[in-house]
Amino acid sequence: MRLLLVGAGGMGKAWLRTVLDEPGTELAGIVDLDLDVARRAAAEAGVPDTPVGRDAVELAARTGAQAVVNVTVPRAHHPVTTAALFAGLPVLGEKPVAENVAQALSLAAAAEASGQLFVVSQSRRYNPHVFAFREQARALGELGTLSTEFYKAPRFGGFREEMEHVLLVDMAIHPFDTARFLLDAEPVSVYCEEYNPSWSWYAHDAAAAAVFEMTGGLRYVYHGSWCAPGAETSWNGSWRLSAASGSATWNGDDAPVLDAEGVVAAPSEDPGDGIAGSLAAFVRALGGGPVPTGEVHENVLSLVMVEAAVESAETGARVRVDDVLERAHARALADERREDVRAVLEGWGDVRAALGAQRTR
């Protein structure tokens, strides 16, 4: 599978190494607005003769690329992915799916209109411990509450320390997405508060607490901070799942622990690790295998959880997820420039139902 890498920055270099290491792929070319950055990335990876260009569709046509890995900045996700899909190129894109939910819905509609596969690499799902934790959740039967604690104290410098909603926007999509996966449940509503400890080195609120109502009456509780020195959690956070027949815990690094008398979890599959697992699943799908976790219709609600939590923090009110979806749908229709994509969007009477229906195809 000849792949075109779009974006040669820090994360792009990680993806470049992964593409080169994946047995089922061949690097067709590297796209970046700065050609010198693309050439340096190729040289550092030991493939200095790799074709480079500024436009993904043009370079794909020139090199015979069969699919695109989109590792651009979030504001470029929508235009780059849309252009690739309608050029007949399946896309594997970095999270978040788009800069906002309206653009995410446009991309889901574009995947339908073009008939091409678009998968969002929510790479932290590709973790054997997450899959084992999910099997434990299934074995526990009736579930009640899932919680995540995330306490880290990174001093990034640069743009993150000036961002509004930095924890929710930059990091929380990972545990939000994992919670959906573990519970096999979708968000219904959220109440969220943000705050900034007095010692924080961030310009805006760098800590948040959120309670999500999930389908089936479950609750998902998230509490995190970017400025919590001492006794830090793992980068995956610390997790606890409470059920009628027992509990399961995961420290984010080691195997999850099931504490329930007489309950035995089924063996879990090995999904691969991180972006390598995500890439391998994408390649298998293009070869006729199953649609990967993270297909765009399945992934949209993870970004909705972020947008709803931010809205709740800003307004101080409980926010219904369907309200966020409906407003984003209206915005997507108003902003859409392609008639074929607009036609798909207009055909979605109930947005949540439309997303779910496409996931089962």
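To be clear, the structure that these remarks concern was listed above.
The structure displayed is predicted, hence computed values, not measured ones. (Residues numbered from 1 in each chain as written. Predicted model: local features only at pLDDT ≥ 70, side-chain atom pairs only at ≥ 80, totals over all residues. Heavy atoms only, no water.)

(A) Spotlight on the overall build of the protein. When its secondary structure is counted, the protein shows 13 helices and 14 strands. Judged by the C-alpha coordinates and their principal axes, the protein covers about 60 × 45 × 45 Å. Out of the 361 residues belonging to the protein, those deemed buried represent 55%. Restricting to contacts in the protein with at least 6 residues of sequence separation, those with at least 24 account for 72%. As displayed, the protein offers around 15,300 Å² of accessible surface, 49% of which is attributable to carbon and sulfur atoms. (Helix = DSSP H or I, 4+ residues; strand = E, 2+ residues; numbered from the N terminus. Buried < 20%, exposed > 50% of the residue type's maximum accessible area, 1.4 Å probe, protein only. Contact = heavy atoms within 4.5 Å. Areas by Shrake-Rupley, 256 points an atom, 1.4 Å probe, with all protein chains shown as cover.)

(B) Quick peek at unusual backbone geometry. In this structure, Pro96 follows Lys95 across a cis peptide bond, with omega equal to -5°. Topologically, Pro96 is positioned in the loop between strand S5 (91-94) and helix H5 (101-114). If you check the backbone angles, His165 has positive phi at about 55° while not being a glycine. Structurally, His165 can be placed in the loop between strand S7 (143-151) and helix H7 (166-170). Positive phi is not limited to glycine here, since Asp184 has a value of about 50°. Residue placement: Asp184 occurs in the loop between helix H8 (173-183) and strand S8 (187-195).

(C) The arrangement of helix H6 (residues 128-140) in detail. Counted at 1.5 Å a residue, the expected span for H6 with its 13 residues is 18 Å, and the 19 Å between its end C-alpha atoms agrees. Turning to H6, its buried residues are Val130, Phe131, Phe133, Arg134, Glu135, Gln136, Ala137 and Leu140. At its buried positions, H6 is contacted by S7, H8, strand S11 (238-243), strand S12 (246-250) and strand S13 (257-259). (Expected span 1.5 Å × (residues − 1).)

(D) Spotlight on the sheet that holds S5. Taking strand neighbours across the sheet as the criterion, the six strands line up as S3-S2-S1-S4-S5-S6 in an open arrangement whose pairing is parallel. A strand with exactly one partner marks an edge of an open sheet, and here the two such strands are strand S3 (52-53) and strand S6 (118-121). Pairing geometry for strand S1 (residues 2-6) and strand S4 (residues 67-70), over four bridges, is parallel. Its bridge partner lying in S4, Leu3 is registered against Ala67. (Pairing = 2+ DSSP bridges.)

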